[in-house]
Amino acid sequence: MCFFMMPEGGYKKTDDFCEDVCGEEATRAALSMTRLRCVLKGLDLKAFILLFVIVPTCGLGIYLHGQKISYFLRPIWESPPKPFHNIPHYYHENVSMENLCKLHGWGIRESPRRVFDAVLFSNELDILSIRWNELYPYITQFVILESNSTFSGLPKPQVFAANRDKFKFIESRLTYGTIGGRFRKGENPFVEEAYQRVALDQLLKIAGITDDDLLIMSDVDEIPSSHTINLLRWCDNIPQVLHLRLRNYLYSFEFLLDNKSWRASVHRYQTGKTRYAHYRQTDDILSDAGWHCSFCFRYISEFIFKMKAYSHVDRVRFSHYLKPSRIQDVICRGADLFDMLPEEYTFKEIIGKLGPIPRSYSAVHLPAYLLENAEKYRFLLPENCVRDRG
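Remember, it's a predicted structure, so these values are computed and weren't measured experimentally. (Residues numbered from 1 in each chain as written. Predicted model: local features only at pLDDT ≥ 70, side-chain atom pairs only at ≥ 80, totals over all residues. Heavy atoms only, no water.)

**Structural notes on the pairing of strand 12 (residues 246-250)**
(1) Moving on: The buried count for strand 12 comes to five of five residues, which makes it a mostly enclosed element.
(2) Moving on: Taken together, the three bridges between strand 12 and strand 13 (residues 256-261) define a ladder with antiparallel strand orientation. Across the sheet, Tyr 249 pairs through a bridge with Leu 256, a residue of strand 13.
(3) Moving on: Taking the residues between adjacent antiparallel strands as the criterion, strand 12 and strand 13 are bridged by five residues, where Tyr 251 takes a positive phi near 75°.
(4) Moving on: Two strands pair when backbone bridges link them, and strand 12 and strand 16 (residues 290-294) are joined in this way by four bridges, in the parallel orientation. Its bridge partner being in strand 16, Arg 247 is matched across the sheet by Trp 291. (Buried < 20%, exposed > 50% of the residue type's maximum accessible area, 1.4 Å probe, protein only. Helix = DSSP H or I, 4+ residues; strand = E, 2+ residues; numbered from the N terminus. Pairing = 2+ DSSP bridges.)

**Describing a nonpolar patch on the surface**
(1) Moving on: Nonpolar side chains collect at one region of the surface, where Leu 73, Ile 76, Trp 77, Phe 347, Ile 351 and Leu 354 lie side by side and expose about 590 Å² of accessible area between them.
(2) Moving on: When residues of the nonpolar patch are traced back to their parent elements, those giving at least two are helix 2 (74-77) and helix 10 (347-352).
(3) Moving on: Tracing the backbone shows Leu 73 in the loop between helix 1 (15-72) and helix 2. (Patch = residues over 30% accessible without salt bridge, like charges linked within 9 Å, V, L, I, M, F, W, Y side chains within 5 Å. Areas by Shrake-Rupley, 256 points an atom, 1.4 Å probe, with all protein chains shown as cover. Salt bridge = Lys/Arg side-chain N within 4 Å of Asp/Glu carboxyl O.)

**What to know about the sheet that holds strand 13**
Strands in a sheet are paired, the pairing made by backbone hydrogen bonds, and the direction either parallel or antiparallel.
(1) Moving on: One open sheet holds the four strands; their spatial order is 9-16-12-13, and the pairing between them is mixed. Strands at the two margins of the open sheet, each flanked by one partner only, are strand 9 (222-224) and strand 13. Sheet twist, expressed as the average angle between the axes of neighbouring strands with direction ignored, equals 25°.
(2) Moving on: Strand direction decides the pairing type here: strand 9 and strand 16, joined by three bridges, are antiparallel. Across the sheet, Glu 222 pairs through a bridge with His 292, a residue of strand 16. (Axes fitted to C-alpha atoms, helices over the stretch in contact; angles between N-to-C directions.)

**Observations concerning the packing of aromatic side chains**
(1) Moving on: For the structure on display, the rule yields 15 aromatic pairs.
(2) Moving on: Summarising the aromatic geometry, the rings of Phe 84 and Trp 262 are spaced 5.8 Å apart at their centres and angled 45° between planes, so their arrangement reads as tilted. Of the two residues, Phe 84 is situated in the loop between helix 2 and strand 3 (85-87) and Trp 262 in the loop between strand 13 and strand 14 (265-268); the sequence distance between them amounts to 178 residues.
(3) Moving on: Judged by its relative accessible area of 16%, Phe 84 is buried.
(4) Moving on: Seen from their ring centres, Phe 295 and Phe 303 are 6.3 Å apart, and the 20° between their planes marks the pair as stacked.
(5) Moving on: Residue classification places Phe 295 among the buried positions, given a relative accessible area of 5%.
(6) Moving on: The aromatic ring of Tyr 136 is capped on one face by Arg 173, whose charged end is 4.0 Å from the ring centroid.
(7) Moving on: In this structure, Arg 326 packs its charged tip against the face of Tyr 321, placed 4.5 Å from the ring centre. (Phe/Tyr/Trp six-rings, centres within 6.5 Å; stacked < 30°, edge-to-face > 60°. Lys NZ or Arg CZ within 6 Å of the ring centre and 35° of its normal.)

Here is the structure:
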């Protein structure tokens, strides 16, 4: 039963009118419910897409490319280091040492300083041979320390010990030491590296280094030019510590990356103060002082070993990075072994270095021993990127 309130007051029973009004209300209610259900269905669909499509896709993208994103945004979260004080480097074989020292603002000594070349060795036999032949005329003592483990804690054979007979030309000037690895599982590889560098300090004392002797601190593949070392041993008043700016090559002398390698350094030794290290120790740097040839190996197996062994082992994020066919392809393209973006501090430099390294067809001003033995070391020269498996 339905009643309608009349304008003059009172209620009137009207089934037909009531049915019309009630029908309209029911229709409106039904439409509202339909719209609500549509809205809810729309929300359910959007939530489903968000939770099961967009979120997993973003997560996978971050997992696969998070390192690239981080490196590309580096100019935002990290400021560039303080600029070095660049010292111009003057050299020509026909200019006297007295004039060369004078051009650098230094005096000349009555006799040259003694020079000690100290390195930690892993497995870089070819580069070690090129290094020692380049420096041989001016080195008083070659000091080399070898461990039975990698920086990442993996056991390794003592490669130098097994090949020592190949270096008989420096045997009378060689101080060779070994050290046992600590094999700390899960430890930061840089801790093991620092431990070995401290041990190298002790080996230098055994080698007989004394105050004002020159000490070269650099990795095996960071090779100072012989004329640079000869200059520093003859010149007086050189800086107490001097970094060396090296030409930065990757895989061979075919791929010139830049001229920014700076970690190599030369020290006038001070007892109790000089510590063997591989980080920035001064603002002074001598320009165009040699070569840094990173991952310059003869065999694919050596690439794989270093990728698993060195301090940046965390860069091997996927097992396919170690596939020999992939490594060979990367070498010949001049691309990055770890699929990383350039380690730079400005967007301009990052974008400028994107993509493979352009090939260089110049073999001018390279280590003399390399060119004198070009057939033996052909894999390090332009247009010879294919490697043996090993």
